[in-house]
Amino acid sequence: QVQLVESGGGLVQPGESLRLSCAASGSSFSSYFMGWYRQAPGKQREFVAGISSGGSTNYAGSVKGRFTISRDNAKSTVYLQMNGLKPEDTAVYYCKAVFRLAYWGQGTQVTVSS
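Let us look at the structure shown here. All of these numbers come straight from a predicted model, not from anything done at the bench.

So, how was this worked out
- Residues numbered from 1 in each chain as written.
- Predicted model: local features only at pLDDT ≥ 70, side-chain atom pairs only at ≥ 80, totals over all residues.
- Heavy atoms only, no water.
- Helix = DSSP H or I, 4+ residues; strand = E, 2+ residues; numbered from the N terminus.
- Rg over C-alpha atoms; globule rule 2.2 N^0.38 Å.
- Buried < 20%, exposed > 50% of the residue type's maximum accessible area, 1.4 Å probe, protein only.
- Contact = heavy atoms within 4.5 Å.
- Disulfide = S-S within 2.5 Å.
- Pairing = 2+ DSSP bridges.
- Axes fitted to C-alpha atoms, helices over the stretch in contact; angles between N-to-C directions.

What follows deals with the overall build of the protein chain. On a plain count of helices and strands, the protein chain comes out with 0 helices and 11 strands. Start at the N end of the protein chain and walk to the C end: the helices and strands fall as β-β-β-β-β-β-β-β-β-β-β. Relative to a compact globule of 114 residues, whose C-alpha radius of gyration would be 13 Å, the protein chain shows 13 Å and is just as compact. Here the C-alpha coordinates of the protein chain stretch approximately 40 × 25 × 20 Å along the principal axes. Split into buried and exposed, the 114 residues of the protein chain put 43% on the buried side. By sequence separation, contacts in the protein chain at least 24 residues apart represent 53% of the contacts at least 6 residues apart.

Structure below.
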């Protein structure tokens, strides 16, 4: 079983940056597909970014060029560097791990407001 704990959320002004972290339990982190999703008020949860076990990345069009997903297998941690934040990025951000089954973290709030 995989347990995920997100951190790094907070309140920032438009144009600023945040770095989210997701620490994963389990002994096979290097084999997990890892992703970030978000859910804004009144909207469905949506895919933000993903990274494969081999390091391949993909992004939602709305964040491409601004967000970067990375992983540190030695630390069993995935990161989401968010630059140039916009008010529409405001959401609860969730970490997801896929290794046969899908596992979700509890989420961390990101609020972008002036």
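Glancing now at the state of the cysteines. Using the criterion set out here, one finds 1 disulfide in the structure. There is a disulfide in this structure between cysteine 22 and cysteine 95, and the S-S distance comes to 2.0 Å. On the S-S bond that ties cysteine 22 to cysteine 95, the torsion sits near -85 degrees, and the link is left-handed. Of this pair, cysteine 22 sits in strand E3 (residues 18-24) while cysteine 95 sits in strand E9 (residues 91-99), and the two are 73 residues apart along the sequence. Residues cysteine 22 and cysteine 95 agree in their burial class; the two are buried.

This next bit is on the pairing of strand E4 (residues 33-39). Along E4, 5 of the 7 residues are buried, which leaves the element largely enclosed by surrounding structure. Two strands pair when backbone bridges link them, and E4 and E9 are joined in this way by 7 bridges, in the antiparallel orientation. Bridge pairing links tyrosine 37 to tyrosine 94 in E9. In the sheet, E4 pairs with strand E5 (residues 46-51) via 5 bridges, with the strands oriented antiparallel.

Residues other than glycine seldom take positive phi values, yet serine 76 does so here, at roughly 50 degrees. Of note, serine 76 is situated in the loop between strand E7 (67-72) and strand E8 (77-82). Located in the positive-phi region is arginine 100, a residue other than glycine, with phi close to 70 degrees. Among the structural elements, arginine 100 can be located in the loop between E9 and strand E10 (101-104).

Read from one edge of the open sheet, 4 strands run E1-E3-E8-E7, paired in antiparallel fashion. A single partner strand is all that each edge strand has here, and the edge strands are strand E1 (4-7) and E7. Recorded for the sheet is a direction-independent mean angle of 15 degrees between the axes of neighbouring strands. Sheet topology note: the E7/E8 ladder contains 6 bridges and is antiparallel. Its bridge partner being in E8, phenylalanine 67 is matched across the sheet by methionine 82.

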